[in-house]
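# A closer look at the structure
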Amino acid sequence: MKAIIAGNWKMNKDNGQSRELVLKLMSLVGIDELKNRQVILIPPFTSLSILAELVMNSPIKLGAQNMHWERSGAFTGEVSGVFIKQLGCEYVIIGHSERRHLMGETNKEINRKLKTALDIGLIAILCVGETGAERDAGQTESVIEKQLTQGLEGFENEAHKMIIAYEPVWAIGTGKTATLEQAVEVHKFIRGLLKKPSTIIYGGSVKSDNIDQLMAHEEIQGVLVGGASLDPESFARIIQYQKFLDKPKISDSSD
Ligand code: PEP
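A short tour of the structure in this document, coming up.

About the thresholds
Residues numbered from 1 in each chain as written. Predicted model: local features only at pLDDT ≥ 70, side-chain atom pairs only at ≥ 80, totals over all residues. Heavy atoms only, no water. Near = heavy atom within 4 Å. Polar contact = N/O pair within 3.5 Å; in protein donor to acceptor, adjacent residues only side chain to side chain. Areas by Shrake-Rupley, 256 points an atom, 1.4 Å probe, with all protein chains shown as cover. Salt bridge = Lys/Arg side-chain N within 4 Å of Asp/Glu carboxyl O. Helix = DSSP H or I, 4+ residues; strand = E, 2+ residues; numbered from the N terminus. Buried < 20%, exposed > 50% of the residue type's maximum accessible area, 1.4 Å probe, protein only.

Of all residues adjacent to the ligand, which total 14 residues, the nearest are Lys10, Glu167, Gly173, Ser205 and Gly226. Interatomic distance of 2.8 Å between a side-chain N/O atom of Glu167 and an oxygen atom of the ligand. Contacts to the ligand include Gly173, whose backbone N or O atom sits 2.6 Å from an oxygen atom. Coverage of the ligand by the protein chains reaches 98% of its 290 Å² of free accessible surface.

Structure representation (structure tokens):
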């Protein structure tokens, strides 16, 4: 299985900046460095078309940051999973903590979105994780169990078709990475709840200086990176979590 290295740009990078970031990234990362990893870029919706063109002949895949549970209809301001798939996305983040906590997204809505993503053939990156207060109150496992049980209700046997991202809310954008022990403990807990072997990745202040330690553990099958994916040098270093290989660059592969 390839390790997942996903970069969530959140509401950053306009079209010109997106183009610049991808071109720079492709000049920094060698093709050989991508053999055992799946790089997924998750830009704002507005940059998806541009990125689709730029990564067309490369092993890099695209994802979207959210989608609606209906395929089309009177949902002003929402985005259809069918449309993002048509743009070239293979992945979609569902239930990111910023959507849960800032936009009030519920497990029920997340469940509907996951079902639609499955139906239309998008690979969902389902984010789960506890807040700092929940961890302090000893509720980490119960919170995650509820997010998974309610999120996957009705298609529990299909979680292996998704990627589960353990993202402790207190570690997102704060610079406070979970310790390896904390991350591994929760990964094992999640694995125990799932019916079939599934891909479980970690997110929360992943940086170029902690990626090697995280990826060295077999429980951590990839990472979801926010802030550090906005800088091509640091995201390239994260992709290159093993030593740098002096080989042709991704941008050379389309010739
Ligand atoms: C994220 O947005 O999913 C995330 C993990 O952000 P950061 O890496 O900035 O903590």
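Moving on: the pattern of salt bridges. For the structure shown, the criterion picks out 11 salt bridges. Among the ionic pairs, Asp119 bridges to Lys115, the shortest N-O distance being 3.0 Å. Taken as a pair, Asp119 and Lys115 lie in helix α5 (residues 107-120) at a separation of four residues, close to a single helical turn. Relative accessible area serves as the criterion here: at 44%, Asp119 is assigned to the partly exposed category. Between Arg135 and Glu130 there is a salt bridge; the shortest N-O distance is 2.8 Å. Residue classification places Arg135 among the partly exposed residues on the basis of a relative accessible area of 21%. Put simply, Arg99, Glu105 and Lys113 are held in one network by salt bridges that share partners.

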